[in-house]
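Fold and geometry: a report
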Amino acid sequence: MATATPRQRVKDNVGAVTALLTVVGYALVAATFGGWLPLFPEISESGVSLLGHAIAVVNTLAVICLCAGWYWIRNGEVDKHRAAMSAAFVLIILFLLMYLPKVGGGGQKAIADTVPDLVRYGYFAMLFVHIVLSVVTMPVVLYAFLLGMTHTPAELRNTPHAKVGRIAAGSWILSLVLGVVTYVILNHAYGYTFEPALLAVPL
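Cut-offs and rules
- Every residue gets a number counted from 1 within its own chain, in the order that chain's sequence is written.
- Where local features are concerned, this predicted model is filtered to residues with pLDDT of at least 70; where side-chain atom pairs are given and counted, the filter is 80 or more; whole-chain, interface and lining totals use all residues.
- With hydrogens and water stripped out, all remaining heavy atoms of the structure feed into the side-chain values.
- Between 30 and 60 degrees the pair is tilted, below 30 it is stacked and above 60 it is edge-to-face, where a pair is any two Phe, Tyr or Trp rings, Trp via its six-membered ring, whose centres lie within 6.5 Å.
- Criterion for a charge above a ring: Lys NZ or Arg CZ within 6 Å of the ring centre, and within 35 degrees of the ring normal.
- Residues belong to a common nonpolar core when they are buried Ala, Val, Leu, Ile, Met, Phe, Trp, Tyr or Cys residues joined through side-chain atoms within 4.5 Å.
- For the exposure calls, accessible area comes from a 1.4 Å probe over protein chains only, and a residue counts as buried if that area is under 20% of its type's maximum, exposed if over 50%, partly exposed in between.
- Numbering of helices and strands runs from the N terminus; a helix is a DSSP stretch of H or I covering at least four residues, while a strand is a stretch of E covering at least two.
- Residues are treated as being in contact if the distance between any of their heavy atoms lies within 4.5 Å.
- The predictor attaches a confidence to each residue, and that confidence, scored 0 to 100, is pLDDT.

Some thoughts on the packing of aromatic side chains
For the structure on display, the rule yields 4 aromatic pairs. What links up through ring pairs into an aromatic cluster is the set Phe-33, Phe-95 and Tyr-99. If you follow Lys-109 out to its NZ or CZ, it ends over the ring of Tyr-192, 4.3 Å from the centre.

This is the structure we're talking about:
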């Protein structure tokens, strides 16, 4: 009796694998923000700024990949679509590899109190939408990606990949764009205050 390959196991259990990866992802982020994950090296404020700039570049590249992938699938170029979406997924993993240490080992920036109220309210509104979309999009993105990576184009026609993929890509693009806009407001257009990570604060 042939042993199922890892890809086949994922293919047969896309929903369960999506749920597992989502829970792990949420747990890592929650533990990082809560200061319960003492795995990260201490990062200075300048290091946090450098990581923030790198993250903005990565997110911008991810938006470009997602838009290209959307364009190509609408034009029937499946291989290019798959390559673009795979690149976008790799970029989001790279984002996490930079974002978690930035928050857990360095800290966060907050918009300064001296910034005009209208700008602050706009910033907080965009940041809120960005965060909510980041949270709710994770399982949708994972589900669409795992379907796409484990099924052939012919098989995907019998799955919800196209519908889920449209929702995932649209939400993901909006979240990333808002993230980049809030980055520009915080780092280049207006002032900010620095809040050290919980683990970086002396007891």
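After that view, the rundown keeps rolling.
Describing the nonpolar core
Formed by 26 residues in total, the largest nonpolar core has its most connected members in Leu-66, Ile-92, Trp-172 and Leu-176. Listing elements by their share of this core, those giving two or more residues are α3 (45-74), α4 (78-106), α5 (117-150) and α7 (161-189). Per-element accounting of this core gives the leading share, 8 residues, to α3. The contacts of Trp-172, once residues within four sequence positions are left out, are Leu-66, Ala-88, Phe-89, Ile-92, Thr-137 and Val-141. Membership of the second largest hydrophobic core comes to 7 residues, among which are Ile-111, Val-115, Val-119 and Leu-186.

Notes on the confidence of the model for the protein chain
Low pLDDT means the predicted atomic positions in that stretch should not be read closely. Per-residue pLDDT for the protein chain has a mean of 90; in total, 96% of the residues score no lower than 70. Per-element mean pLDDT across the protein chain ranges from 86 in strand β2 (residues 192-196) up to 95 in α3.

With respect to the environment of Val-63
If you trace the backbone, Val-63 turns up in helix α3. Residue Val-63 is classed as buried on the basis of its relative accessible area, which comes to 15%. As for Val-63 and Ala-88, which are separated by 25 residues in sequence, their C-alpha atoms are 7.6 Å apart. Once you skip the residues sitting within four places of it in the chain, Val-63 turns out to touch Ile-173, Leu-176 and Val-177.

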